[in-house]
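Here are the chains, one letter per residue:
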Amino acid sequence: MNHRPAAVAVACLILFVAGCGSSESSSPTTTTAAETSQHTFEVDHFAEGAIVGDVATAECTLSGETITTCSTVTISGAPATYSPGPFCPDTITTTADDAGIWFDGNGTYDLTGEFIKNLATFYNDDQWHMYDDLGKVKVTDSQAAFLGAARPDVDPQYQNQCVEGRVEWLTNGESITKSVVIPTTPVMAAGSSSAQSSDWGITLDGIVIAKSAPVSAILGAHTIAAFDDCGGHFNNVEGYHLHGATGCGTLDDDHLAGETAMFGYAMDGFPIHLPLSGADLEAANLDDCGGHSVAGIGYHYHANDPSKNSVLTCLKGEFVATDAAQGGPPQGPPPGGAPGPAR
Ligand SMILES: [Zn+2]
Ligand SMILES: [Zn+2]
């Protein structure tokens, strides 16, 4: 079958809420992540092409009032080492090799033709019917369809469509770069937070690790916002972005027993490693944010299993909470769309 360049989706709207400035920081009650060998933010770990332009380093004030040094990086928005897709199956007989995946918080599923054919049964709702009389799956096949469907308030005419997008359908016809400000050396916060900033972090391949896809809105419109096998898809707000960590892209592996490779940095500057499973997961004794400290790495997160539809659960470190510094495209409603959370 044809390889569709790309995408689907909906995005994750980003409202940065917290202000970042406090005038004078009184003595911070937080401590720097103390592992002697705490892994810090290092540009060298990123794939070539993942970062656009120069990385600026400047003083910054973090969410817990700590004044420290932050790096401002602009990520390319296009995975540096792989091409997005495929996403939706072409027909109700398409196999897993020629389609992406779907995860809804309860499980991860190969997005086969059979899965599409079985949606009404799977979700126990007879309004699902995403294929025609010839067995062809209804897929968003134009920019208009993508823009109308890859958002939480799906245009009714695109209900019962498998949603995917591609770079050329984005408003500017190109990948969406994004500037993020990340503490160069992570600082533990007084408590866990969900990070008011938009996203969980960025990958070493130069894409955004978004928060959860709005599954209830997606399924409520009888759509499937297909992910590729790498756990990413397109929307018009963030371009290609990640909702699940499946091991694609650039990895940094120290090959430590019981550990997995790092694939990105969280907004608080702590590394994010691939999910743990089985005995390694049990032995890791992860905290409520999925993190732990290990000699040689320091504190780091392990991504949740993709089925959770959330790469991280919370952040342990202080992060930069500011709208202006995070840059990115205007966060208004997508063309023809109403404001609201993106998917
Ligand atoms: Zn999304
Ligand atoms: Zn670990």
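Note that the structure is predicted; figures quoted are calculated from it, not measured.

Rules used in this analysis
Residues numbered from 1 in each chain as written. Chains lettered and ligands numbered in written order. Predicted model: local features only at pLDDT ≥ 70, side-chain atom pairs only at ≥ 80, totals over all residues. Heavy atoms only, no water. Pairing = 2+ DSSP bridges. Helix = DSSP H or I, 4+ residues; strand = E, 2+ residues; numbered from the N terminus. Disulfide = S-S within 2.5 Å. Buried < 20%, exposed > 50% of the residue type's maximum accessible area, 1.4 Å probe, protein only. pLDDT = per-residue confidence, 0-100. Contact = heavy atoms within 4.5 Å. Phe/Tyr/Trp six-rings, centres within 6.5 Å; stacked < 30°, edge-to-face > 60°. Lys NZ or Arg CZ within 6 Å of the ring centre and 35° of its normal. Core = buried A, V, L, I, M, F, W, Y, C linked by side-chain atoms within 4.5 Å. Salt bridge = Lys/Arg side-chain N within 4 Å of Asp/Glu carboxyl O.

### Regarding the sheet that holds strand β15 (residues 291-294)
1) Next: Taken in spatial order, the eight strands make up an open sheet running β11-β12-β9-β8-β13-β14-β16-β15, and their pairing is mixed. Each having just a single partner strand, β11 (232-235) and β15 make up the two edges of the open sheet.
2) Next: Examined bridge by bridge, strand β14 (residues 271-273) and strand β16 (residues 298-302) share two bridges and lie parallel to one another. Within β16, the position partnered with His-273 by the bridge is His-302.

### What to know about the state of the cysteines
1) Next: Taken as a whole and assessed by the stated rule, the structure comprises four disulfides.
2) Next: Residue Cys-88 pairs covalently with Cys-162 via a disulfide, S to S 2.0 Å. The sign of the -90° torsion about the S-S bond sets the Cys-88-Cys-162 disulfide as left-handed. In this pair, Cys-88 sits in the loop between β2 (67-75) and β3 (101-103) while Cys-162 sits in strand β5 (residues 162-163), placing the two residues 74 residues apart along the sequence. Here the two residues Cys-88 and Cys-162 agree in accessibility, since each one is buried.
3) Next: Each disulfide in the protein links cysteines that, numbered along the sequence, combine into the pattern 1-2, 3-4, 5-6, 7-8.

### Considering unusual backbone geometry
1) Next: Put simply, Gly-85 and Pro-86 share a cis peptide bond, and its omega is -5°.
2) Next: Its place among the elements puts Pro-86 in the loop between β2 and β3.
3) Next: With a phi close to 55°, His-255 is a non-glycine residue in the positive phi region.
4) Next: Within the secondary structure, His-255 is located in the loop between β12 (239-242) and β13 (262-266).
5) Next: Positive phi values are uncommon outside glycine, yet Asn-285 reaches one of about 55°.
6) Next: Relative to the helices and strands, Asn-285 is located in the loop between α5 (278-284) and β15.

### Comments concerning the confidence of the model for the protein
1) Next: When pLDDT is averaged along the protein, the result is 87; 83% of the residues meet or exceed 70.
2) Next: Low pLDDT, under 50, characterises residues 1-35; the stretch is placed with 134 contacts to residues that sit more than four places away or in other chains.
3) Next: Throughout residues 324-341 the model reports pLDDT below 50, and contacts reaching past four residues in sequence, or to other chains, amount to 32 contacts.

### Some details on the packing of aromatic side chains
1) Next: This model, assessed by the stated rule, comprises 17 aromatic pairs.
2) Next: Residues Phe-41 and Tyr-265 carry aromatic rings whose centres are separated by 4.7 Å and whose planes lie at 50° to one another, so their mutual orientation is tilted. Placement of the pair is Phe-41 in the segment before β1 (56-61) and Tyr-265 in strand β13, with a sequence separation of 224 residues.
3) Next: Residue Phe-41 is classed as buried on the basis of its relative accessible area, which comes to 6%.
4) Next: One aromatic cluster in this structure is built from Tyr-109, Phe-115, Phe-122, Tyr-123 and Trp-128.
5) Next: Across the ring face of Trp-200, the terminal group of Lys-211 is positioned such that the distance to the ring centre comes to 4.6 Å.

### Let's talk about the pairing of β16
Look at any regular strand and the pattern is simple: side chains alternate between the two faces of the sheet.
1) Next: In terms of burial, β16 is a largely internal element, five of the five residues being buried.
2) Next: Sheet topology note: the β15/β16 ladder contains four bridges and is antiparallel. Looking at β16, one finds that His-292 is bridged to His-300.
3) Next: Here β15 folds back onto β16, and the loop between the two strands holds three residues, one of which, Gly-296, carries a positive phi near 95°.

### A short note on the side chain of His-222
1) Next: Among the structural elements, His-222 can be located in the loop between α4 (215-220) and β10 (224-225).
2) Next: Once residues within four sequence positions are removed from consideration, His-222 is found in contact with Asp-125, Gln-127, Trp-128, Met-130, Gln-159, Asn-160 and Gln-161.

### A word on the environment of Leu-256
1) Next: With respect to the element layout, Leu-256 can be found in the loop between β12 and β13.
2) Next: For the pair formed by Leu-256 and Ile-297, sequence separation is 41 residues and the distance between their alpha carbons is 9.4 Å.
3) Next: Filtering out sequence-adjacent residues up to four positions away, Leu-256 remains in contact with Ala-295 and Ile-297.

### Topic: the nonpolar core
1) Next: Residues Trp-102, Cys-162, Ile-224, Phe-263, Tyr-301 and Leu-315 are the most contacted members of the largest nonpolar core, which totals 80 residues.
2) Next: Excluding anything up to four places from it in sequence, Leu-315 contacts Gly-191, Ser-192, Ser-193, Ala-195, Trp-200, Ala-266, Met-267, Asp-268, Cys-289 and Tyr-301.
3) Next: Judged by nonpolar contacts, the second largest core, of six residues, contains Cys-60, Leu-62, Val-187 and Val-320.

### Quick notes on the pattern of salt bridges
1) Next: Counted by the stated rule, this structure contains four salt bridges.
2) Next: Of the charged contacts in the structure, one is a salt bridge between Lys-178 and Glu-238, with a shortest N-O distance of 3.4 Å. With Lys-178 in strand β6 (residues 178-183) and Glu-238 in the loop between β11 and β12, this residue pair connects regions lying 60 residues apart in the sequence.
3) Next: Lys-178 sits in the buried class, given a relative accessible area of 6%.
4) Next: With its nearest N and O atoms 2.6 Å apart, the salt bridge here joins Lys-316 to Asp-288.

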